[in-house]
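Okay, here's what each chain looks like letter by letter:
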Amino acid sequence: MARYARGRTAVTSLAVLAATVGVLPGAQAAPVAAGAAVAAPVPTTGRGLGFAGGLLHTVERAPNGDPYITQRQVTADASAVAGPSYMNYAGEYAGGAHLKSVPCDAGSCVRITAAGNGHYGVIAVSGQGTESLQVWTGKNSLLVDELESSDLELVDLTGSYYVLNGGSPAAQYVDGRLDYRSSDVRMTRSVRAAGIWGTRLWSASSTAGALTVLDVVQKKTVETVATGAPCVIREVRPVGRWVYWNCGTSGAAGVWDRTARKSVTVPSGPALVGDGYLVRHDRTAGKLVLTDFHTGAAAAPRVIADLPAGKTADQRGLTWAVDRFGGDIAYLDASHAAHVVPSGVPTRPLERLSADQDDTYLDIKDSGGGQVWSSSWQLSKPATWTFTVKDGSGRTVRTMKGGGGTVAAVVWDGRTDTGAYTYSADHTWSLTATPREGSGTYTTQGTIGVSGGRHGFHDQAYAALGDLVTLNSSGTLTQHFGQKGGVFSGKSSGAGWPAGSTALPFADTGSDRCAELLVRMAGGELRRYSGRCGRAYTPSSSHVSLGTGWQVYDVMTSTGDLNGDNRPDLVTRQKSTGDVYFHAGTADGKFAARLKIGSALGKYARMTGVGDITGDGRADLLAHDRDGGLWRYNGLGTGRFAGRALVASDWGRSYDVVVGVGDITGDGRPDLVERDTSGRLFRNNGNGKGAFGSRTQIASGWHVYKGVF
């Protein structure tokens, strides 16, 4: 299929024509529909009729006098019809190209096949007389099948898939088009009775009464049905639980009940099937007649509208149509006014027909066009829907809503509801759709691995998991990347670092969503190295000097945002006095003048920023005293901390390194890593409430590193 234009056009209600009327003249009202409000007749110059998914399509003249295919939204209860949206031109072009028309009581009509998702198909004729299928997906969005012939017939179109007859010699073509994923479902075969519902193609075989069901995506037969029809089936029309068949419009007819596994006999004649009912045109009586079979047995036929016999034997899709994605019937009267009548038949619970679902991975930085996650679901009837994305800790980061039609279409750019980018991490998503009428709720869910988003606390790579940085005696600075299992796997190393260098995984101070690395050189100069998203650092890597004299501090730790201005901050302790200082991050990626926030805290052997370990949204600090006690200082969001609280006593006297490493288990809670004097590395899982679980050894041999940061 050649793709000429892309995009989606939302149906806009320009005006609503609504009136409450009684039973249509000459009709016998069904008990269910008695007294129902139906839309007033809509004046049109109709020359063709399509109806699906609550969208009514006609060919009529626009105010400028030119013919267009129009589109109108119909309410679920048929009580109102919106004003027309003029879609594509339906007249003849200067070169002779035009839409194919067929004889009808109005003279000539364009046969419009509505897909149920707002799309519709027509046959176009070139100036040279060749025909091709056009599937319109919006006012300016058109798909053209590459097949060209002099005799094409669009047999069926449902959502993204269609059945097309034509060519010489005659053949049947099955194809489909997905917005967000490539698909190759093209099949060419001999002409036979066929209809498509979702991704399932129902086809007659050469055996009397037999139908085969083909999954068009997998291209394999998934079911064979013996309907009991006394003929090789001539016509097939599937709708959810029901599959209509006949032996020709004057022959036997029935509906295969997929649940009860049997056929229900229905009257013969040119018919269209809806969800649980069938409508046929009784030309002798001049009526549209409905047969309700939703209970699994055919009820007595009832008249739903007057429709004169006319001169055209089969007026389906010309003067009347059935919305098989809803419960309504539309027809054109002798003056071409459009009427919409509710069937009065309850529809089945909401179902998914097909899904055009994106990959499970989103790279927000992908310059090749992968910066969004796009998916759509074709539903069995109009519905409203809610799409929710949650991060690794189960917090909702994005909620989107939509609906009114039969498609739930989602495009997520990796941003949260506040407009900020989400963290690079595994996310979960869920979709819940509720029908505009009737019962049933459709739900589905999945995962999206996000990269190129915001970095996590202590994250030097691209997965929002905390990382460690080490320096060995040879001057090699190594990044050890955290994994969801709570271990470190994978490294990136750069050589040439002088002895006495101290590294500090920091945060992104710019806009590239790569966390920077602070390094205090042996002489006391503090450098901010531009983030490399997991690539190695060397002393000559791109950096900015943040000044000298930083050797006076024996503690330098990143806490995250300590004062609530969305910039990363720094906490230090002066070696000579034990006083603790707050260094606020500035807009240019540097630090404001230090602010003293604590005195004489030299009693602690180690202090480390840990991010938010209490779950209150404020960065916190841990201190490890020389007797092995572990203390927590809760951040106040002002650059200061509350008084200390004991987390654990005699917690670990053998530890010579304690690092608030961020989340390395993937549960969204910051964890803690320690090294003991024998070189063993341990992890304590954060509980999100300011404390930690028991330790787990995750490595050994780490005594080779002079520094672990």
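Residues numbered from 1 in each chain as written. Predicted model: local features only at pLDDT ≥ 70, side-chain atom pairs only at ≥ 80, totals over all residues. Heavy atoms only, no water.

### Things to note about the packing of aromatic side chains
Next up, step 1: Going through the model one piece at a time under the given rule, you end up with 20 aromatic pairs.
Next up, step 2: Seen from their ring centres, Tyr68 and Tyr86 are 6.3 Å apart, and the 75 degrees between their planes marks the pair as edge-to-face. Within this pair, whereas Tyr68 is found in strand E5 (residues 67-73), its partner Tyr86 is found in strand E7 (residues 85-89), the two being separated by 18 residues in sequence.
Next up, step 3: Taking the relative accessible area as the measure of exposure, Tyr86 reaches 26% and is therefore partly exposed.
Next up, step 4: The ring of Tyr423 is capped by Arg454, whose NZ or CZ atom sits 4.4 Å from the centre of that ring. (Phe/Tyr/Trp six-rings, centres within 6.5 Å; stacked < 30°, edge-to-face > 60°. Helix = DSSP H or I, 4+ residues; strand = E, 2+ residues; numbered from the N terminus. Buried < 20%, exposed > 50% of the residue type's maximum accessible area, 1.4 Å probe, protein only. Lys NZ or Arg CZ within 6 Å of the ring centre and 35° of its normal.)

### Section: the sheet that holds E5
Next up, step 1: In space, the four strands of this open sheet follow the order E3-E4-E5-E7, with antiparallel pairing throughout. Since the sheet does not close on itself, it has two edges, and those belong to strand E3 (49-52) and E7, each with one partner. Strand after strand, the sheet turns through a mean of 25 degrees between neighbouring axes, direction not considered.
Next up, step 2: Where E3 meets strand E4 (residues 55-61), four bridges bridge the pair, whose relative direction is antiparallel. Among the inter-strand pairings, Ala52 is bridged to a residue of E4, identified as Leu55. (Pairing = 2+ DSSP bridges. Axes fitted to C-alpha atoms, helices over the stretch in contact; angles between N-to-C directions.)

### Some points on the sheet that holds strand E35 (residues 361-363)
Next up, step 1: The strand order E35-E41-E40-E37-E38 describes an open sheet built from five strands, whose pairing is mixed. Since the sheet does not close on itself, it has two edges, and those belong to E35 and strand E38 (396-403), each with one partner. Shown here is a sheet whose adjacent strand axes are inclined to one another by a mean of 25 degrees, direction ignored.
Next up, step 2: One ladder, built from three bridges, connects E35 with strand E41 (residues 442-451); its direction is parallel. Bridge pairing links Leu362 to Val450 in E41.

### Quick look at the state of the cysteines
Next up, step 1: Scanning the model with the defined rule gives three disulfides in all.
Next up, step 2: Here Cys104 engages in a disulfide with Cys109; their sulfurs sit 2.0 Å apart. Residues Cys104 and Cys109 are joined by a disulfide whose S-S torsion is about 75 degrees; by sign, that bridge is right-handed. Assigned by exposure class, Cys104 and Cys109 land together as buried.
Next up, step 3: Counting only the cysteines that form disulfides, in the order they appear in the protein, gives the pairing 1-2, 3-4, 5-6. (Disulfide = S-S within 2.5 Å.)

### Quick word on the domain arrangement of the protein
Next up, step 1: Domain assignment breaks the protein into domain 1 (42-341), domain 2 (357-451) and domain 3 (468-708).
Next up, step 2: Inter-centroid distance (C-alpha atoms) of domain 1 to domain 2 is 31 Å.
Next up, step 3: Counting across the interface, domain 1 meets domain 2 through two residue pairs in polar contact (both at pLDDT 80 or more).
Next up, step 4: Looking at side-chain class alone, the side of domain 1 that touches domain 2 contains five nonpolar, seven polar and one charged residues. (Domains from an automatic or database assignment. Polar contact = N/O pair within 3.5 Å; in protein donor to acceptor, adjacent residues only side chain to side chain. Nonpolar A, V, L, I, M, F, W, Y, C, P; charged D, E, K, R; others polar.)

### Section: unusual backbone geometry
Excluding glycine, a negative phi dihedral is what most residues carry, and trans is how most peptide bonds are arranged.
Next up, step 1: Looking along the chain, the bond that leaves Ser168 and enters Pro169 is cis, with omega of 0 degrees.
Next up, step 2: The residue Pro169 is located in the loop between strand E16 (161-166) and strand E17 (171-176) in this model.
Next up, step 3: Located in the positive-phi region is Lys219, a residue other than glycine, with phi close to 55 degrees.
Next up, step 4: On the secondary structure map, Lys219 appears in the loop between strand E21 (210-215) and strand E22 (220-226).

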